[in-house]
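Structural characterization, general
One letter stands for each residue in the lines below.
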Protein chains: 2
Amino acid sequence: MSLEPRAHQAMREGAEFDTIRALMARWGDLAVDIGDDAAVLAPATHGTRVVSIDACVEDVHFRRAWITAREVGVRAAVAALSDLAAMGARAEYVLIAFVIPEGWREQLSEVADGMGAAIREAGARIVGGNLSHGAVFSITTTVIGRAPRVVPRSGARAGDLVVVTGLLGGPGAAIEAWDAGGSPTGWSRERFAAPAPRWAEGEALALAGATAMIDVSDGLAGDARHVAAASGVRLELDAALVPAGPGISAEAALRSGEEYELLACVPAAEYEALAARWAAISVVRLTVVGVVRDADADSDSQSNSAKAPPAHGFDHFLLGKSSR
Amino acid sequence: MSLEPRAHQAMREGAEFDTIRALMARWGDLAVDIGDDAAVLAPATHGTRVVSIDACVEDVHFRRAWITAREVGVRAAVAALSDLAAMGARAEYVLIAFVIPEGWREQLSEVADGMGAAIREAGARIVGGNLSHGAVFSITTTVIGRAPRVVPRSGARAGDLVVVTGLLGGPGAAIEAWDAGGSPTGWSRERFAAPAPRWAEGEALALAGATAMIDVSDGLAGDARHVAAASGVRLELDAALVPAGPGISAEAALRSGEEYELLACVPAAEYEALAARWAAISVVRLTVVGVVRDADADSDSQSNSAKAPPAHGFDHFLLGKSSR
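What you see is a predicted model, and the numbers here were worked out from it, not measured in a lab.

**Comments concerning helix H5 (residues 186-193) of chain B**
- Among all positions in H5 of chain B, only Ser188, Arg189, Arg191, Phe192 and Ala193 of chain B are buried.
- At its buried positions, H5 of chain B is contacted by helix H2 (69-85) and helix H4 (170-179) of chain B.

In structure tokens form, the structure reads like this:
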């Protein structure tokens, strides 16, 4: 393609195919049928097909000095897979578009290993991809999956309990430490570098009747606002209940993003049974952090639709009863 | 998300949502249900689901000085849609991940208009997206569609005719002119800036029994090599038959990439009937440019599988009988 810079031209005819072959060898039977213009999907015989796209850009979503190339791959895959978990879905198919500067070429197989490990663990297959030269490294991942029961952000109802999986605050603490020129604790670092997507938890929450669900990527407080806005309700979180990681304040745990834990609203009547069987579902804890309330009387005009601009919901979100 | 640079932090809380809202307003009913972690797809009641991902990176796939922001959007969408056309599929769903440097923010609505126009014309809907700050502008597009009959690259058989849609050479000539500091002809510029995906043509070729198909993104000669390699055959193209655009040599037409025309292998017995009804299918011509031959006797060991490394196929590709 004569449009592209010389370096990339060389890559398309020779090195690009070498790179693709190296990736395919690395992924083995995890990657199927790459080599056509598009991939064929098996018919969905049950459940609902869901799809999501997520980008991971160097110096925006991570810094190279912080984590290994393999961890870059794990994070990129988990960030994408987590969006499906938050819908109550499991991933089946993954498509990956790499933009690769010269300096990244040699690390690509490690990135591929990290992505491959996360995708394999999710039980999905890589069915398509794209490789492009470019000045800034990025990975854009599309995940296609299936949900026995889809849970949107918009279904939270007054009276529901607000629950969250796992312990929060790790990624935020890790970034804070790195930004200050220090080193994060092992736990915080691990939570940033190799998060685990919560698909088993997401599916269990969906099947338990969760009315709304979201993954904690903007921080618990921020994502609670998204659910409140989409559902046309208030989410009252109690800061004292927030499950913070070791050495992390409740305030920091509320703010920390890129968690890939799940925030869900669960009908109060269903919660007890879910809590009783939770230990069989997950190794991480499930914590009640608040309740869903009707929107204030003065917000009656607010749309109950998911299409309501999120900004409207922010005004009606109350963070903890004590702060009212 | 405290990880990100200040500029992006501001965007996530305020400007990012403003941008998303602006995009949604721009796209109107073309974009559906964005706002959840993932999008729900309707069940495929007929045909086969196919999916593809494609990236468009500034200064790799285009230069801003060459084309308008709207044309950047059209090209990005068409490049992705074309991959489905090459499988005999039409797009139903589109997901778009933008990486946006500060300088692109104000042009984004024009980019969105261009993408929207191409996606609307294809009859597809935008069901998901991702917005990220970043130093280099890029658009990564995932397209999901359906094919009544899927055509891979790997099915070409000896005796098939090799056909190509449209007139070739425009994008190559346009880039050559720009690279030389000049201006391309109107026709060449249009072919680069606003290509038309050939989904009606792709579907018709599929239904006419095409055994292999690919879109001409690496140049007719290069893409013929891909088909030859995937199918374990030789494609003999006659340079004198290649349909070149106005003022363009056969040699340049063979090399020109990013064409988004279709190269297909069609059983000879089916060709006449297809040619007879072609005028009712498409406004562009369908041209026989060569034939498919068995691989040479000394290449019997070559795999007939699409997984055969393309490099093996290159050796067995003959460009025109006269060059043998």
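**Looking at the pairing of strand E7 (residues 212-215) of chain A**
Residue and element names in this part refer to chain A.
- The side-chain alternation of E7 yields two buried faces, one formed by Ala212 and Ile214 and the other by Met213 and Asp215.
- Strand direction decides the pairing type here: E7 and strand E9 (residues 262-266), joined by 4 bridges, are antiparallel. Bridged to Met213 within E9 is Ala264.

**Here's the deal with the domain arrangement of chain A**
Residue and element names in this part refer to chain A.
- According to the domain assignment, chain A consists of domain 1 (6-147) and domain 2 (161-323).
- Between domain 1 and domain 2, the residue contacts involve 17 residues of the former and 16 residues of the latter.
- Ranked by residues supplied to the side of domain 1 that touches domain 2, first place goes to helix H2 (residues 69-85) with 10 residues.

**Description of the packing of H4 of chain B against H5 of chain B**
Residue and element names in this part refer to chain B.
- Packing of H4 against H5 leaves a shortest axis separation of 7 Å and a crossing angle of 105°. If you check the angle between H4 and H5, you find them roughly perpendicular. Contacts from Gly170, Pro171, Ala173, Ala174, Ile175 and Ala177 in H4 reach Trp187, Ser188, Arg189, Arg191 and Phe192 in H5.
- A per-class count over the contact of H4 with H5 returns 7 nonpolar, 2 polar and 2 charged.

**Side note on the packing of H2 of chain A against helix H3 (residues 108-122) of chain A**
Residues and elements named next belong to chain A.
- Axis separation between H2 and H3 bottoms out at 6 Å; the angle between their running directions is 35°. Crossing geometry of H2 relative to H3 is assigned as right-handed. Across from Ala69, Arg70, Glu71, Val72, Gly73, Val74, Ala76, Ala77, Val78 and Leu81 in H2, the residues of H3 making contact are Glu110, Val111, Ala112, Asp113, Gly114, Met115, Ala117, Ala118, Ile119 and Ala122.
- Of the residues contributing to the contact of H2 with H3, the split by class is 14 nonpolar, 2 polar and 4 charged.

**Thoughts on the interface of chain A and chain B**
- Tallying the contact residues gives 67 residues for chain A and 66 residues for chain B.
- Top contributing element to the side of chain A that touches chain B by residue count: strand E2 (residues 48-57) of chain A, with 9 residues.
- Taken together, the residues that form the side of chain A that touches chain B break down as 37 nonpolar, 17 polar and 13 charged.
- Bridge count between strand E1 (residues 39-41) of chain A and strand E2 (residues 48-57) of chain B: 3 bridges; the pairing is antiparallel.

Cut-offs applied
- Residues numbered from 1 in each chain as written.
- Chains lettered and ligands numbered in written order.
- Predicted model: local features only at pLDDT ≥ 70, side-chain atom pairs only at ≥ 80, totals over all residues.
- Buried ≥ 20, exposed ≤ 12 C-beta atoms within 10 Å, placed from the backbone.
- Helix = DSSP H or I, 4+ residues; strand = E, 2+ residues; numbered from the N terminus.
- Contact = placed C-beta atoms within 7 Å.
- Pairing = 2+ DSSP bridges.
- Domains from an automatic or database assignment.
- Axes fitted to C-alpha atoms, helices over the stretch in contact; angles between N-to-C directions.
- Parallel < 35°, antiparallel > 145°, perpendicular 65-115°, else oblique.
- Nonpolar A, V, L, I, M, F, W, Y, C, P; charged D, E, K, R; others polar.
- Left-handed = near helix turned anticlockwise from the far one by under 90°.

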